[in-house]
Each structure stands twice: as structure tokens, then as C-alpha cells.
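Residue strings, one per chain:
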Amino acid sequence: QVQLVESGGGLVQAGGSLRLSCAASGRTFSSLAMAWFRQVPGKEREFVAGSRIGGSTLYADSVKGRFTISRDNAKNTLNLQMNSLKPEDTAVYYCAARDLYLRTNPIDFGSWGPGTQVIVSS
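About the thresholds
Residues numbered from 1 in each chain as written. Predicted model: local features only at pLDDT ≥ 70, side-chain atom pairs only at ≥ 80, totals over all residues. Heavy atoms only, no water. Disulfide = S-S within 2.5 Å. Helix = DSSP H or I, 4+ residues; strand = E, 2+ residues; numbered from the N terminus. Pairing = 2+ DSSP bridges. Axes fitted to C-alpha atoms, helices over the stretch in contact; angles between N-to-C directions. Phe/Tyr/Trp six-rings, centres within 6.5 Å; stacked < 30°, edge-to-face > 60°. Buried < 20%, exposed > 50% of the residue type's maximum accessible area, 1.4 Å probe, protein only.

### Thoughts on the state of the cysteines
Part 1 of the reasoning: One pass over the full model with this rule turns up 1 disulfide.
Part 2 of the reasoning: Residue C22 pairs covalently with C95 via a disulfide, S to S 2.1 Å. On the sign convention where negative means left-handed, the S-S torsion of about -75 degrees between C22 and C95 marks this disulfide as left-handed. Residue C22 is found in strand β3 (residues 18–25), and its partner C95 is found in strand β9 (residues 91–99); the two are separated by 73 residues along the sequence.

This is the structure we're talking about:
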């Protein structure tokens, strides 16, 4: 099992930027597909962005062009640079990991961080 801890959430005005980080331990980071999900109360957890083992990336349409996911295998860290933030980006953001292949359904991920709150004010 891999342990994940997110950081970097906070309160920002619409149009602003935040950078989330996820520190991983307990497994070989380079062998993990990594992803960011988000969730608001009363709604299902949704895929935001993912990083495959080889480094290629995948984004939800709602964040494409605004968010950038990156990974540093040497530092066991996953990042999410969020620019041009909108009030609808307000959510708890979760880092997730699974072996080998990237998926976009949260049910396919077995390892989760506790989450970090992002609030975007209008």
C-alpha cells in the first residue's frame, strides 16, 4: 500500500492560481499511475487529471488548458498546477495511486490521500 499526503490547498480569488502537491511513500513511485480527483458535498468524486507511468497525461475537459499535472519520480511527488481558477473548481482535491495503468474511475484506485480543500471565491 502506498501512503499519500496532499498539500497546497487554500482560498484563492477567481482567476488566481494554486499548486497542489502529493507526497508518496511506501511503494516505487515510478511504477504507479497517479491521479487527482475532486469532490464537493453531495456529488460523486470526479477525475481531474492523471499521470501515466511513462509520463503522459490525461485531463478532464473541465480543466484542460488551465490545470497541469506533473510528477517527479526522484522526489516521489505529484503536482497539480491550477491556473485561471473558477468558483466551480471549489472542492476537496484528492491524490490517488494505482498500479501500472491509469484509470479515470475512482473505484479503480486503492490508495488515497486525506484530501486538501480548495476554495475559489468569486
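### Brief notes about the sheet that holds strand β8 (residues 77–82)
Part 1 of the reasoning: Sheet architecture is open: 4 strands sit in the order β1-β3-β8-β7, paired in antiparallel fashion. Each of the sheet's edge strands pairs with one partner strand only, and the pair in question is β1 (3–7) and β7 (67–72). Pairwise comparison of adjacent strand axes, ignoring direction, gives a mean angle of 15 degrees for this sheet.
Part 2 of the reasoning: Alignment of β7 against β8, held across 6 bridges, turns out to be antiparallel. For D72, the partnering residue across the bridge sits in β8 and is T77.

### Thoughts on the packing of aromatic side chains
Part 1 of the reasoning: Applying the stated criterion across every chain, the model contains 5 aromatic pairs.
Part 2 of the reasoning: Ring plane angle 80 degrees and centroid distance 5.7 Å describe the contact between F37 and F47, whose orientation is recorded as edge-to-face. Linking F37 in strand β4 (residues 32–39) with F47 in strand β5 (residues 46–51), this pair joins segments that are 10 residues apart in sequence.
Part 3 of the reasoning: Judged by relative accessible area, F47 falls into the buried class, the value being 12%.
Part 4 of the reasoning: Ring geometry for F37 versus F109: centroids 5.2 Å apart, planes at 75 degrees, classification edge-to-face. Linking F37 in strand β4 with F109 in the loop between β9 and β10 (111–112), this pair joins segments that are 72 residues apart in sequence. F109 shares its class with F37; the two are buried.

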